[in-house]
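# Coordinates in review
One-letter residues, chain by chain:
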Amino acid sequence: MNPQIGYISNGRLYLKPTGGREEEIVSEFSNNLKRRLQSVQDRQGFRSGGSGAGFMRGGLPTAEPASVEDTFRSEFSCAGSQDGHVCYAIDANEVRALFEYNPGEKYERRLLHGPKHRFSSISTRRSEESPEWLLTAAQDHGVSRICLFKPEAGGGGLMELTEGDSLDTFPVWEPGHARSLVYQTCGIARHAQTHEWAGLGPATLHRLNLDSGDMETVAEDVRYDFLCPSFSPEGTLYYLRRPYEPFHTPSFWNILKDIVLFPFRLVRAVFGFLNVFSMLFSGKPLQTAGRPPQPQAADPKAVFLHGRWVNMEKAMKNAAQNELSHFVPRNWQLMRHVPDGEAQVVCEGVMAYAVGANETVYFSNGAGVFVQKDGSSKPEKVSDRKLVTSIFVM
């Protein structure tokens, strides 16, 4: 029987048997949430319409609220599998939730619901007592924790396993060790005055024993980031390795430039405020030479991946000519960890990956999803989906 894999591409979740047709998983929860928000907006629009509502506003015009269709954003943030079911998290506006999905019955079961955490990775296993999930839970103040979740605990919530001012991510159960896990961690550097992010230290891999609380370093080197650990069913450890880029501090010339340009930026900000005020109450902009200034959107040619912005424009042009072109640099390497020996490079330019039976590697280079059955074989393309950020094997 060919193994089935799953992957997340641009926030959408797909299942695909090797050699079979791809199937998209559509969340009924997300669709229902969107319908409820649209219904609330329709009722509010009815109350605020008509001559009576206009009189209460003193006859002043009001801007039309943005439609739910334009503002609603729902995406699968991470996914995994257990016992033939798909486990995933959804981030829908301010609502976050965990689910289990039965592909055969196409039934979605909600397990945890709330706005507090955004989940970015899942690792599952079945213990002697019940299923146990390891989760990465991002928090609003810029840190992330490794958490333990038991789906059959009846709303028991999350148990935080790590702490500190750090990004603890991508936990994975270690095969053959009942209470041991490996995860990625890096310290956060913050500005002394504002406490905002200044940068990240090198990412390392740690092993944590839940029974004893003992922790040991698995992979560490100040020259590299070690990312996204994963084990094959045979117990071999894999991870991504890339050169570490130290965060920079503002130079004297950049500080001087900010001081010189401050009055001009202040005038521009005041004008922008007055222009919005004029549009709101008169419908006419203060600026008549051309269109009013438009807010700058996020650069669609850049993707924030594993703590670093990656520009995709050049990579997408290359991928149009060669399907094996990498959306990420070639020095983002998938490594096989050899105990008491040097780590082996499996492939290069890897954005996401998963390991199946017999050390079969499924990976994305951004331009598609590929399978490599041994280290010497040429990768075979199994999907054209681009910007795949998560892969798992059923």
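An account of the accompanying structure is given in this report. Every residue gets a number counted from 1 within its own chain, in the order that chain's sequence is written. Per-residue local features are limited, in this predicted model, to residues with pLDDT of at least 70; the limit for side-chain atom pairs, both in listing and counting, is 80 or more; totals at the level of whole chains, interfaces and linings are taken over all residues. As a convention, hydrogens and water are excluded, and side-chain values are obtained from all of the structure's heavy atoms.

### Considerations on the nonpolar core
Here is the rule: Throughout this description, the term nonpolar core refers to a set of buried Ala, Val, Leu, Ile, Met, Phe, Trp, Tyr and Cys residues connected via side-chain atoms within 4.5 Å. The rule is simple: take the accessible area with a 1.4 Å probe, protein chains only, and divide by the maximum for that residue type; under 20% is buried, over 50% is exposed, in between is partly exposed. Each helix is a run of H or I in the DSSP string that is no shorter than four residues. Each strand is a run of E no shorter than two, and both are numbered from the N terminus. Any two residues having at least one pair of non-hydrogen atoms within 4.5 Å are treated as being in contact.
Ranked by internal contacts, the top residues of the largest apolar core, which has 19 residues, are Tyr238, Leu240, Leu334, Val350, Tyr353 and Phe363. Looking at this core, the elements that each hand over two or more residues are strand E13 (180-190), strand E17 (224-231), strand E18 (237-243), strand E22 (344-348), strand E23 (352-355) and strand E24 (361-364). Residues in contact with Tyr238, not counting those within four places in the same chain, are Cys228, Pro229, Ser230, Ser232, Leu334, Met335, Arg336, Val346, Tyr353, Val355, Glu359 and Val361. Ranked by size, the runner-up nonpolar core spans 17 residues in total, among them Leu13, Ile25, Phe72 and Phe99.

### What to know about the state of the cysteines
Disulfide: a covalent bond formed between the sulfur atoms of two cysteine residues. Formally: We call a pair of cysteine sulfur atoms a disulfide when they lie within 2.5 Å.
Scanning the entire structure with this criterion turns up 0 disulfides. Lacking any disulfide linkage, Cys78 is separated from the closest cysteine sulfur, that of Cys87, by 9.8 Å. Looking at Cys78, the relative accessible area reads 2%, which means it is buried.

### A few points about the pattern of salt bridges
Test applied: Between Lys or Arg on one side and Asp or Glu on the other, a salt bridge is scored when a side-chain nitrogen of the former is within 4 Å of a carboxyl oxygen of the latter.
The final tally for this structure, using the stated rule, is 21 salt bridges. Here Arg12 makes a salt bridge to Glu24, at a shortest N to O gap of 2.8 Å. Taken together, the residues Arg12 in strand E2 (residues 12-17) and Glu24 in strand E3 (residues 23-25) connect sequence positions 12 residues apart. Where Arg179 meets Asp211, a salt bridge forms, and the shortest distance between an N and an O atom there is 3.4 Å. Taken together, the residues Arg179 in the loop between strand E12 (166-173) and E13 and Asp211 in the loop between strand E15 (204-209) and strand E16 (215-219) connect sequence positions 32 residues apart. Since its relative accessible area comes to 60%, Asp211 is described here as exposed. Through salt bridges with shared partners, a single ionic network connects Arg125, Glu132, Lys150, Arg179 and Asp211.

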